[in-house]
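Working through the structure, step by step
For reference, the chains in residue letters:
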Amino acid sequence: MLRLGTVGTGWITQQLVEAAAMAGSFELAGVYSRRADKAQAFADKNHAERVVTDYQELLAIDGLNVVYLASPNSLHFDQALQAIRQDITVIVEKPAFSNPQEMAAIMAALADHPQAKLFEAARHVHTPNFHAVARALGGLPAVQGASLTYMKYSSRYDQVLAGGAPNVFTREFSGGALQDLGVYPVYLAVALFGVPAHVAYFPTLIQTGVDGKGVAVLRYGAYDVTVNFGKTSNSAAPSEIYGLKETIEMDSAGELTRVGLRQDGTELTDLSAQPLKNPMLPEVQDFARVLHAPAEKTNIADYHRWLHWTQQVNQVLYGLRVAGNLRFPADDHE
Ligand SMILES: NC(=O)c1ccc[n+]([C@@H]2O[C@H](COP(=O)([O-])OP(=O)(O)OC[C@H]3O[C@@H](n4cnc5c(N)ncnc54)[C@H](OP(=O)(O)O)[C@@H]3O)[C@@H](O)[C@H]2O)c1
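Everything numeric here is computed off the predicted structure, so don't read it as measured data.

The subject of this paragraph is the sheet that holds strand E6 (residues 118-121). What the six strands build is an open sheet, ordered E3-E2-E1-E4-E5-E6; its pairing is parallel. Each edge of the open sheet is held by one strand with a lone partner, namely strand E3 (50-52) and E6. Direction aside, the axes of adjacent strands within the sheet are offset by 25 degrees on average. Relative to E6, strand E5 (residues 89-93) is paired through four bridges, and the arrangement is parallel. Bridge pairing in E6 links Ile91 to Phe119. Docked against the sheet, helix H1 (residues 11-23) engages strand E1 (2-7), strand E2 (26-32), strand E4 (66-69) and E5, running at close to 170 degrees with respect to E1. Contacts between helix H4 (residues 76-85) and the sheet are confined to E1, E4 and E5, with E5 contributing the most and set at about 165 degrees to the helix.

Moving on to the nonpolar core. Counting residues in each nonpolar core, the largest one holds 100 residues, and the members touching the most others are Leu118, Phe193, Val225 and Ile241. For this core, the element with the highest residue contribution is helix H8 (residues 177-193), accounting for 13 residues. Residue assignment places this core across two domains, with domain 1 (2-122) and domain 2 (125-279 + 315-333) each supplying three or more. Apart from the residues lying within four places of it in its own chain, the contact partners of Val225 are Ala146, Leu148, Ala189, Phe193, Ala216, Val217, Leu218 and Tyr220. Core analysis: the next-biggest nonpolar cluster, separate from the first, contains six residues, Val168, Phe169, Ile206 and Val210 among them.

The subject of this paragraph is the UniProt feature "domain: Gfo/Idh/MocA-like oxidoreductase N-terminal" (unreviewed entry) in the protein. In the UniProt entry, the feature "domain: Gfo/Idh/MocA-like oxidoreductase N-terminal" (unreviewed entry) is given for residues 3-113. For residues 3-113, helix accounts for 47% and strand for 22%, while the C-alpha atoms at its two ends are 18 Å apart.

With respect to spatial proximity, 22 residues lie near the ligand, and among them Thr9, Ser33, Lys38, Asn73 and Lys94 are the closest. At 2.9 Å, a side-chain N or O of Arg34 approaches an oxygen atom of the ligand. Side-chain polar atom of Lys38 to an oxygen atom of the ligand: 2.5 Å apart, as the coordinates give it. Protein contacts shield 83% of the accessible area of the ligand, which totals 900 Å² for the unbound molecule. Mapped onto the shell around the ligand, the elements with two or more residues apiece are H1 and H8.

Our focus in this paragraph is the packing of aromatic side chains. Per the counting criterion, the structure on display carries 14 aromatic pairs. Relative to Tyr55, the ring of Tyr32 has its centre 6.1 Å away and its plane inclined at 70 degrees; by these criteria the two rings are edge-to-face. Here Tyr32, found in strand E2, pairs with Tyr55, found in helix H3 (residues 55-59); they are 23 residues apart in sequence, far enough to count as distant. What makes Tyr55 buried here is its relative accessible area of 9%.

Glancing now at the domain arrangement of the protein. For the protein, the assigned domains read domain 1 (2-122) and domain 2 (125-279 + 315-333). Computed from C-alpha coordinates alone, the two centres of domain 1 and domain 2 are separated by 26 Å. Contacts between domain 1 and domain 2 engage 16 residues on the former and 20 residues on the latter. Both faces combined, the contact of domain 1 with domain 2 buries some 1500 Å², and carbon together with sulfur accounts for 54% of it. On the domain 1 side of the contact with domain 2, Lys94, Ser98 and Ala122 bury the most area, a combined 32% of that side's loss. The tally of links between domain 1 and domain 2 comes to one salt bridge. A salt bridge links Asp180 to Lys94, with the nearest nitrogen and oxygen atoms 3.3 Å apart. Scanning the region where domain 1 abuts domain 2 turns up eleven residue pairs in polar contact (both at pLDDT 80 or more). Counting only elements with at least two residues in the side of domain 1 that touches domain 2, the list comes to H1 and helix H5 (100-112). Here the residues of the side of domain 1 that touches domain 2 are counted per class, giving seven nonpolar, five polar and four charged.

Attention now goes to the pairing of strand E12 (residues 246-250). The element E12 is extensively covered by neighbouring structure, given that five of its five residues are classed as buried. Alternating positions in E12 separate into two faces, Glu246, Ile248 and Met250 on one and Thr247 and Glu249 on the other, with burial throughout. Where strand E11 (residues 239-242) meets E12, four bridges bridge the pair, whose relative direction is antiparallel. By the bridge assignment for E12, Glu240 is matched with Glu249.

Reading guide: rules and limits
- Residues numbered from 1 in each chain as written.
- Predicted model: local features only at pLDDT ≥ 70, side-chain atom pairs only at ≥ 80, totals over all residues.
- Heavy atoms only, no water.
- Pairing = 2+ DSSP bridges.
- Helix = DSSP H or I, 4+ residues; strand = E, 2+ residues; numbered from the N terminus.
- Axes fitted to C-alpha atoms, helices over the stretch in contact; angles between N-to-C directions.
- Contact = heavy atoms within 4.5 Å.
- Core = buried A, V, L, I, M, F, W, Y, C linked by side-chain atoms within 4.5 Å.
- Buried < 20%, exposed > 50% of the residue type's maximum accessible area, 1.4 Å probe, protein only.
- Domains from an automatic or database assignment.
- UniProt positions renumbered as here; feature names shortened; annotations may be inferred.
- Near = heavy atom within 4 Å.
- Polar contact = N/O pair within 3.5 Å; in protein donor to acceptor, adjacent residues only side chain to side chain.
- Areas by Shrake-Rupley, 256 points an atom, 1.4 Å probe, with all protein chains shown as cover.
- Phe/Tyr/Trp six-rings, centres within 6.5 Å; stacked < 30°, edge-to-face > 60°.
- Buried area = accessible area lost by both parts, 1.4 Å probe.
- Salt bridge = Lys/Arg side-chain N within 4 Å of Asp/Glu carboxyl O.
- Nonpolar A, V, L, I, M, F, W, Y, C, P; charged D, E, K, R; others polar.

Here is the structure:
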């Protein structure tokens, strides 16, 4: 069994812990929260062994070998670095780190601590529907670009409109629409098409100084991928990848709940797998598979591909922020 510790007591940690229980490969060794009562409530609900209010204490729990970080974005770096330096594997929520400097320091720590691994919780690129899209893309006679959309109104934007500044909408916590939702279509683009040669980003700023929504263009030389995302509006627009007469369709570049292929404008052939019981289950199963048999050839290849995506997405997100003139305090630690 993998011995898991968690950071953050929000709904996403609950979803991860439920996925880990379904996967049957993890035991919840410890729960960290800044507040003992929150940690205790989470631990009681999920049958955790220990409750701690000190992060170092979490890492020191007997036999703990995996930590899941669902803290605000700007805290990921320090927490991941401390874990890796103690040979503990990190599952870090998206977006993994604020900029390429942080990413480089993490890569150096991983090189010094080969027992520790780093997984970014980019749930959608581990799903059967992502694999169906990748297969369909491989079957296209030519690729002529894509239009990817992920836009969901955030209940936390109500707080912004009321004068507040929730973490996800602050520069201090490396927040904003690109970091929070734009990361999903950017991940898809990188995983399916690679790193773009040039990027442009046109953010719509909100009163907290971050982007509430925005439009980005990823230029690949032979074609462009346009990306539309936001947390201050809703969109039901499908996402598409263009072949010649063929179009691959996705209900949403962040959810990939339904995917299909349309030939020459004809009826859509549904390529969707069965709905997931838990959206995080495929990634958790993938990570557990690699951790259980790290020396197996396919696991080595998968791990390195995912880690490469993490680095590339980090680089593209940073390029987009530079293009959109969006800086974070985390960039000043360079
Ligand atoms: N994969 C997905 O589908 C998905 C969905 C949602 C979020 N996420 C990612 O998960 C991460 C957390 O997002 P979230 O919306 O849950 O963030 P959040 O509510 O702002 O904070 C998450 C947790 O961090 C702790 N925290 C909050 N403010 C803090 C502060 N000022 N200093 C230190 N710790 C603080 C809190 O835990 P305690 O109070 O218990 O210490 C809280 O439960 C982000 O990286 C986000 O991108 C991923």
